[in-house]
Amino acid sequence: FPSKVRRLFLIGTTPHFRRAWREANLRAFRMMVKRKGIEAFRDIALERPFSDRVDTGSALRMLEDYINLDLTHILPLIGAETYIIHGEGDRVVPVGEALKMRSLLKRSKLIILPGGHLPVRYEGDFISKIFEVR
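(A) Here's a closer look at the overall build of the protein chain. The helix and strand inventory of the protein chain stands at six helices and three strands. The secondary structure elements of the protein chain, listed N-terminal to C-terminal, are β-α-α-α-α-β-α-β-α. When burial is assessed residue by residue, the protein chain has 36% of its 134 residues classed as buried. Within the structure as shown, the protein chain displays about 8300 Å² of accessible surface, and the carbon and sulfur contribution to it stands at 58%.

Encoded structure:
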């Protein structure tokens, strides 16, 4: 229902995660999650402890889906005003991926904030940028 979406906010995302990393890095990432659980990924992504529990098998299936999801051909079809918010120190999705997103989305603005994958550590900057949008 594109007519029901006025604005879209994308945080720490990529058009295709598999293309963002070498295959060796993806294998290491999967192995880390298998050995240490999804909490290891969350520690990297959030840069702080995360308290809920997720079944590792389910998390690995979701991770595989995300790794293989390719939005490259769909993104140019999105007509909604889109804000791409990315942490300058993101260790999960490289900043270059935000630039790719920006080039594929017609009506987009890229906002790079201090912080990592989910730049919530700098919540004030994050919230002010979102509410700056009118």
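(B) The arrangement of the confidence of the model for the protein chain in detail. Taken as a whole, the protein chain shows an average pLDDT of 84; of its residues, 84% reach a score of 70 or greater. When pLDDT is averaged over each helix and strand of the protein chain, the minimum, 65, is found for helix 6 (residues 123–132) and the maximum, 96, for helix 5 (residues 95–104).

(C) Inspection of the environment of R6 at higher detail. Note on placement: R6 falls in the segment before strand 1 (7–11). Residues R6 and A80 lie 74 residues apart in sequence; the distance between their C-alpha atoms is 5.6 Å. Excluding residues that lie within four positions of it along the chain, R6 makes contacts with A80 and E81.

(D) Quick peek at the sheet that holds strand 3 (residues 108–113). Reading across the sheet, the three strands line up as 1-2-3 and stay open at both edges, with parallel pairing between neighbours. In the strand order of this sheet, the two ends are held by strand 1 and strand 3, each with one partner. With strand direction ignored, the average angle separating the axes of adjacent strands in the sheet is 20°. Two elements, strand 2 (residues 81–87) and strand 3, share six bridges in a ladder whose sense is parallel. Residue I85 lies in a different strand from strand 3, and its bridge partner there is I111.

Cut-off values and rules
Numbering of residues starts from 1 in each chain and follows the order in which that chain's sequence is written. Local features in a predicted model are, by the rule used here, given only for residues with pLDDT of at least 70; side-chain atom pairs are given and counted only at 80 or more, and totals for whole chains, interfaces and linings are based on all residues. Heavy atoms throughout the structure, all of them, feed into the side-chain values; hydrogens and water do not. Here a helix means four or more residues in a row that DSSP labels H or I, a strand means two or more in a row labelled E, and each is numbered from the N terminus. Burial classification: accessible surface area is computed with a 1.4 Å probe over protein chains only, and a residue below 20% of its type maximum counts as buried, one above 50% as exposed, and the rest as partly exposed. Note that accessible areas follow from Shrake-Rupley with a 1.4 Å probe, and for residues the cover is restricted to the protein chains shown. Values of pLDDT, the confidence the predictor places in each residue, fall between 0 and 100. Residue contacts follow a heavy-atom distance rule, with two residues in contact if any of their heavy atoms lie within 4.5 Å. When DSSP finds at least two bridges between two strands, those strands are taken to pair. Lines are fitted to the C-alpha atoms to define the axes, a helix being fitted only along its stretch in contact, and any angle between axes, read from their N-to-C directions, falls within 0 to 180 degrees.

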